[in-house]
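One letter stands for each residue in the lines below.
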Amino acid sequence: MLIRVGTDLPIASSEITPRSLWLRRRDFLGAGAALGLGLTGVARAASPYSTDEKPNSRADITGYNNFYEFGTDKSDPAAKAGRLKTKPWTLRIDGLVDKPADYALEDFLKPFSTEERIYRMRCVEGWSMVIPWLGFPLAEAIKRAQPQASARYVAFETLVRPEEMPGQRSFPRIIPWPYREGLRLDEAMHPLTILATGLYGEPLPNQNGAPLRLVVPWKYGFKGIKSIVRMTLVAEQPKTSWNMIAPDEYGFFANVNPEVDHPRWSQATERRIGEGGLFAKRRPTLMFNGYESVASLYSGMDLRANF
Ligand code: MTE
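Every value quoted in this text rests on a predicted model; they were computed, and no experiment measured them. (Residues numbered from 1 in each chain as written. Predicted model: local features only at pLDDT ≥ 70, side-chain atom pairs only at ≥ 80, totals over all residues. Heavy atoms only, no water.)

Turning next to the overall build of the chain. Along its length, the chain carries 7 helices and 12 strands. Looking at the chain alone, contacts between residues at least 24 apart form 71% of all its contacts between residues at least 6 apart. Working note: accessible area of the chain is about 14,900 Å², and carbon and sulfur atoms make up 55% of it. (Helix = DSSP H or I, 4+ residues; strand = E, 2+ residues; numbered from the N terminus. Contact = heavy atoms within 4.5 Å. Areas by Shrake-Rupley, 256 points an atom, 1.4 Å probe, with all protein chains shown as cover.)

Dropping the structure here:
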């Protein structure tokens, strides 16, 4: 067995923003805005949607990833996603909409302004992180396509490009590509649901889903589909990758719920990445990952049956 010692992170230390500097930058800009200095664009006062928990380091967020298109180890995406070409990028929005389109990504992004949202993220595997995303509400993108009355769900797809995504060349196939995800339309329109284009104030690194990925903070991390090329408005519940692979283990909703165990492990607690390795005290997992305002989306639903 190969034992790794020391800091062998697959990214240069120059890429890691010292957190203290980044936090001071936010204080400074926040203060500037409060004094009416008219600072624009870069950063604003904290979003009301942000948690005040301490964000994970950029090294953790960009070095410990799930992105099976690049392999199944947590270090594979950082090591192998560098070859993915994210320019040019085309996003298709189609299905039950009045304005279907194939957008060049720059044209798609033009009307939207991003804001920083510091979100708690909880992976189904039992670990969590706090990530300062840059993004904008998915609702704004959906409204622009003008959904028809019959649209009830949004289906998402990731890029398929085996030349640049070695996990898509593996045999047997890990996942029937493309990676797919879906949301009910009311979940997609909820103000907490964002399309992210960056983190820590900079464009998304490839391993985190460049150039555009979904972030739904009250659901397990696998709903956060990366490197999106297509969003389709549909009438019926769409197929989603993990549900296709293991329907008994991964449901369509995938809401964070400490009371509903995964068939092979408990979901009651979580390990915050960066907190002292495997022997650190685990934290209790919160219903809807602490985002209780979403509870009304599920009133009257049996969340054990709809896991
Ligand atoms: N999107 C694609 N296309 N392929 C994947 O394998 N993994 C999911 C999700 N999005 C995945 C994906 C899982 S299991 C998790 S936990 C999150 O991405 C991880 O996002 P992060 O690496 O930015 O933390």
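So that's the structure; there's more coming.
Turning our attention to the UniProt feature "binding site: Mo-molybdopterin" (unreviewed entry) in the chain. The positions that UniProt labels "binding site: Mo-molybdopterin" (unreviewed entry) are, in the present scheme, Asn 65, Tyr 68, Glu 69, Cys 123, Thr 158, Asn 208, Arg 213, Gly 224, Ile 225 and Lys 226. Structurally, the position occupied by Tyr 68 is in the loop between helix H2 (58–63) and helix H3 (76–80). Among the residues examined, Tyr 68 registers a relative accessible area of 16% and is labelled buried. Leave out the neighbours within four places in its chain, and Tyr 68 touches Glu 125, Gly 167, Ile 174, Ile 175, Trp 177 and Trp 242. With respect to the helices, strands and loops of the structure, Arg 213 is situated in strand E9 (residues 213–215). Note on Arg 213: relative accessible area 7%, which makes it buried. Discounting residues that sit within four places of it in the chain, Arg 213 has contacts with Trp 133, Ile 194, Leu 195, Ala 196, Leu 204, Asn 208, Gly 224, Ile 225, Lys 226, Ser 227 and Ile 228. (UniProt positions renumbered as here; feature names shortened; annotations may be inferred. Buried < 20%, exposed > 50% of the residue type's maximum accessible area, 1.4 Å probe, protein only.)

We now examine the packing of aromatic side chains. Summed over all chains, the structure comprises 14 aromatic pairs. Ring centres of Tyr 103 and Phe 108 lie 5.4 Å apart, and the angle between their planes is 55°; on these two criteria the pair is classed as tilted. The exposure class of Tyr 103 is buried, given its relative accessible area of 14%. Taking the centre distance of 6.1 Å and the plane angle of 90° together, the rings of Phe 253 and Tyr 298 count as edge-to-face. Note that Phe 253 is positioned in the loop between helix H7 (241–245) and strand E11 (269–272) and Tyr 298 in the segment after strand E12 (283–284), a separation of 45 residues in sequence. Tyr 298 carries the same exposure label as Phe 253, and that label is buried. Between Lys 74 and the ring centre of Tyr 64, over which it is positioned, the NZ or CZ distance is 5.8 Å. Positioned over the ring face of Tyr 291 is Arg 120, at 4.9 Å from the centre of the ring. (Phe/Tyr/Trp six-rings, centres within 6.5 Å; stacked < 30°, edge-to-face > 60°. Lys NZ or Arg CZ within 6 Å of the ring centre and 35° of its normal.)

A complete count under the given rule lists 18 salt bridges for this structure. A salt bridge links Arg 92 to Asp 102; the nearest nitrogen and oxygen atoms lie 2.8 Å apart. Here Asp 102 lies in strand E2 (residues 101–104) and Arg 92 lies in strand E1 (residues 90–95), a separation of 10 residues in the sequence. One salt bridge connects Glu 164 with Arg 161, and the closest N-O pair in it is separated by 3.1 Å. A single salt-bridge network, built from bridges that share partners, covers Glu 53, Arg 120, Arg 122, Glu 270, Arg 272, Glu 275 and Arg 283. (Salt bridge = Lys/Arg side-chain N within 4 Å of Asp/Glu carboxyl O.)

Here we take up the sheet that holds strand E5 (residues 153–158). Within the open sheet, the 5 strands sit side by side as E2-E1-E10-E5-E6. Their pairing is mixed. The sheet is open, and its two edges are formed by E2 and strand E6 (180–184), each paired on a single side. Direction aside, the axes of adjacent strands within the sheet are offset by 15° on average. Bridge count for E5 against strand E10 (residues 228–234) is 6 bridges, and the pairing is antiparallel. Following the sheet pairing, Phe 156 is matched in E10 by Met 231. With respect to the sheet, helix H5 (residues 138–145) is in contact with E1, E2, E5, E6 and E10, its orientation differing from that of E10 by roughly 65°. (Pairing = 2+ DSSP bridges. Axes fitted to C-alpha atoms, helices over the stretch in contact; angles between N-to-C directions.)

Along the chain, the position of Gln 146 falls in the loop between H5 and E5. Given the relative accessible area of 33%, Gln 146 is considered partly exposed. Residues Gln 146 and Leu 96, 50 residues apart in the sequence, show an inter-C-alpha distance of 8.6 Å.

This part is about the site of the ligand. Close to the ligand lie 15 residues, the nearest being Asn 65, Tyr 68, Glu 69, Gly 224 and Lys 226. Here an oxygen atom of the ligand and a side-chain polar atom of Asn 65 are 2.8 Å apart. The fraction of the free accessible surface of the ligand (530 Å²) that becomes covered by protein chains is 96%. For the shell around the ligand, the residue count by class is 6 nonpolar, 6 polar and 3 charged. (Near = heavy atom within 4 Å. Polar contact = N/O pair within 3.5 Å; in protein donor to acceptor, adjacent residues only side chain to side chain. Nonpolar A, V, L, I, M, F, W, Y, C, P; charged D, E, K, R; others polar.)

This paragraph deals with the nonpolar core. In this structure, Phe 108, Trp 133, Leu 195 and Met 231 are the most contacted members of the largest nonpolar core, which totals 73 residues. Looking at this core, the element that brings in the most residues is strand E4 (residues 127–137), giving 5 residues. Excluding its chain neighbours within four sequence positions, the residues that come into contact with Trp 133 are Glu 115, Glu 116, Arg 117, Tyr 119, Met 121, Ile 194, Ala 196, Gly 198, Leu 199, Leu 204, Arg 213 and Val 215. (Core = buried A, V, L, I, M, F, W, Y, C linked by side-chain atoms within 4.5 Å.)

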